[in-house]
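Now for the letters of each chain:
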Amino acid sequence: FASLSSLSLRRYSIIKMSGGCPPTEETRKETNNNAVDDDDDKDDDDVDKDVSMCEFRVACVQFEPAHGDRTKSFEKCLRMLDAHEHVLLSSSSSSVVAPLSIIQFPEMCFTGYTFDSREEIEPFVEWDDEEEEEAVTRQFLSSVAKRFDCLASAGYVRGIRDAGRKLYYNAVQVIDEAGRVILRANKHHLYCIDETWADEDIESGFTSLELVLKARGIGNTNSSRSSSSKVEEYRIKTTVGICMDINPYKFEAPWGAFEFAKTIEKASSSLILFASAWTNAHPDDDAETKAIVPDRTETWNYWFNRLLPLFVDQEKEGEEGILRPRKRAFVFANRVGVEREIHFVGSSVVFQIERGGKLIVKGGLDNKKEGILVARVECNGVKVL
């Protein structure tokens, strides 16, 4: 794939790097990214009078699951959350720090990712119609959401019974503070590893919806940004993706189809949640190739390239005359570790694309180490009255 350095960089304006590496080697900074709380970015551009801006914090949990053992995976995540509790809960004791609104876990992050058949994965299927006490991933996410007073999102193996058929999906679910399922979304573009067991969800397409998140309003006075200390609820247009969704369908669609990016654009989404088990190799590659874990900037550059339509001509109105969001926030949670010789590349990242094509990386994690990334983002939203 092409990196950003091989594109016309005049289309991109990298205005801030907090806790992460920019997509060009020349301006790289080495920092500690296990926990990042970016709370000092300011933008003096004029805001649109009819657009509400809000700010909140997001978290990405990057780790290596215990393959086939959800209990061990849950326990590891709890230890990580315990270790970062002071950062995650810092808004509870401060009127200055933006509230934590969502914790994003990776794709199939508690079961592991590589399964060879429907029979092998069947014990880990969680059915839409089963009781809550049987849905262990939902239970875990509910406990996390309640503990940190935010939404919790993670990938899992979803089962749907439909007219006597059993359908298995690689999916993601979002749980709120009350333990309610806010969203279940299926992976739309299957990777070859998924095809050994997962059904393809052709009809529903990518999922976009409005999420209600806790946030602080942002106002501007004489081109100087000011933030309210009051935490309120905002409706934020959101698009959800899972790993291969960002790629061309089956790697057969044209590179320039940009299916996922164009879905974000059409939905006017300001928040993008992305759960991934991203690898740089194919199962048929030799062992040496499978062992290559690219530098995180290489992975980031690939993801940025796959979102190219969101960078270009951002100052213009959309095709239907709808003004694009002033700021879009992207929360990409990926896993690390090795399963059946497949190496996963980590590099979880939170970034923003602003109108005019500005790219702001708010923070990123290592390509091999476990960690939790916390970053502040700004989005378009509608205050809930």
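Details of the structure are given in the entry above.
Rules of the game
- Position numbers for residues start from 1 in each chain and track the written sequence from start to end.
- Totals for whole chains, interfaces and linings use every residue, but because this is a predicted model, local features are given only for residues with pLDDT of at least 70 and side-chain atom pairs only at 80 or more, for both listing and counting.
- The basis for every side-chain value is the complete set of non-hydrogen atoms in the structure, without hydrogens or water.
- What makes a nonpolar core is a set of buried Ala, Val, Leu, Ile, Met, Phe, Trp, Tyr and Cys residues whose side-chain atoms join them at distances within 4.5 Å.
- Per-residue accessibility, obtained with a 1.4 Å probe over protein chains only, is compared with the maximum for each type, and a residue is labelled buried under 20%, exposed over 50%, and partly exposed between these values.
- A run of H or I in DSSP counts as a helix once it spans at least four residues, and a run of E counts as a strand once it spans at least two, with each numbered from the N terminus.
- The criterion used for residue contact is that any of the two residues' heavy atoms lie within 4.5 Å.
- All axes are obtained by fitting lines to C-alpha atoms, using only the stretch in contact for helices, and the reported angles, taken between N-to-C directions, cover 0 to 180 degrees.
- Orientation categories follow fixed angle ranges, with anything under 35 degrees roughly parallel, anything over 145 roughly antiparallel, 65 to 115 roughly perpendicular, and all other angles oblique.
- For this classification, the nonpolar set comprises Ala, Val, Leu, Ile, Met, Phe, Trp, Tyr, Cys and Pro, the charged set comprises Asp, Glu, Lys and Arg, and every other residue, Gly included, is treated as polar.
- Only centres within 6.5 Å qualify two rings of Phe, Tyr or Trp (six-membered ring in Trp) as a pair; their planes then separate them into stacked at under 30 degrees, edge-to-face at over 60, and tilted for everything else.
- Cation placement over rings: the criterion is NZ of Lys or CZ of Arg within 6 Å of the ring centroid and within 35° of the ring normal.
- Only residues whose relative accessible area exceeds 30% and that form no salt bridge enter a patch; like-charged residues are grouped when within 9 Å of one another, and nonpolar side chains (Val, Leu, Ile, Met, Phe, Trp, Tyr) when within 5 Å.
- Here the accessible surface of atoms and residues is derived via Shrake-Rupley with a 1.4 Å probe, and residues count as covered only by protein chains that are part of the display.
- When a carboxyl oxygen of Asp or Glu is within 4 Å of a side-chain nitrogen of Lys or Arg, the pair counts as a salt bridge.
- In this tally, Asp and Glu contribute negative charge and Lys and Arg positive charge; neither His nor the terminal groups of the chain are included.
- Here the site of a charge means NZ on Lys, CZ on Arg, CG on Asp, or CD on Glu.

Enquirer: Hey, could you run me through the nonpolar core in this one?
Expert: Soluble, globular proteins show a tendency: their nonpolar side chains are buried together. Residues Phe 56, Leu 271, Trp 303, Leu 307, Phe 330, Phe 332 and Phe 351 are the most contacted members of the largest nonpolar core, which totals 55 residues. If one sorts the elements of this core by residue count, strand β11 (residues 327-334) sits on top with five residues. In contact with Trp 303, other than residues within four places in its own chain, are Ile 246, Phe 274, Trp 278, Phe 332, Asn 334, Gly 346, Ser 347 and Val 349. With 25 residues, the next largest nonpolar core counts Phe 105, Cys 109, Leu 141 and Val 144 among its residues.

Enquirer: What should I look at first to understand the packing of helix α1 (residues 70-83) against helix α4 (residues 136-148) in this one?
Expert: Axes are the key here: two packed helices are described by the angle between their axes and the distance separating the axes. It is at 11 Å that the axes of α1 and α4 come closest, and there the two elements cross at 10°. Overall, the two elements α1 and α4 adopt an arrangement that is roughly parallel. From α1, Arg 70, Phe 74, Cys 77, Leu 78, Leu 81 and Asp 82 reach across to α4, where they touch Val 136, Thr 137, Phe 140, Val 144, Arg 147 and Phe 148. Tallied by class, residues from the contact of α1 with α4 come to eight nonpolar, one polar and three charged.

Enquirer: How do you make sense of the packing of aromatic side chains when you look at a structure like this?
Expert: Aromatic ring pairs are described here by two measures, namely the spacing of the ring centres and the angle between the planes. By the definition in use, this model includes 21 aromatic pairs. Ring geometry for Phe 274 against Trp 303: centres 6.2 Å apart, planes inclined by 70°, an arrangement best described as edge-to-face. With Phe 274 in strand β10 (residues 271-276) and Trp 303 in helix α7 (residues 296-306), this pair connects stretches of sequence that are 29 residues apart. Per residue, the accessibility class of Phe 274 equals that of Trp 303, and both read buried. Put simply, the rings of Phe 206, Trp 255, Phe 260, Phe 274, Trp 278, Tyr 302, Trp 303, Phe 304, Phe 330, Phe 332 and Phe 351 pair up and form one aromatic cluster. The cationic tip of Arg 118 hangs over the ring face of Tyr 168; the distance from NZ or CZ to the ring centre is 4.1 Å. The side chain of Arg 161 reaches across the aromatic face of Trp 127, ending 4.1 Å from its centre.

Enquirer: Would you mind showing me how to read a negative patch on the surface here?
Expert: A surface patch of like charges, here negative, comprises Glu 131, Glu 132, Glu 133 and Glu 134. If you trace the backbone, Glu 131 turns up in the loop between β4 (126-127) and α4.

Enquirer: Sorry, what's going on with unusual backbone geometry here?
Expert: Leaving glycine aside, a negative phi is the common case for residues, and trans is the common case for peptide bonds. Positioned with a positive phi, Ser 268 is a non-glycine residue whose angle comes to about 55°. Note that Ser 268 resides in the loop between α5 (259-267) and β10. On the basis of relative accessible area, Ser 268 is assigned to the buried category, the value being 13%. Of note in the backbone geometry, Glu 341 takes a positive phi value of approximately 75° without being a glycine. Here Glu 341 is to be found in the loop between β12 (336-339) and β13 (342-345).

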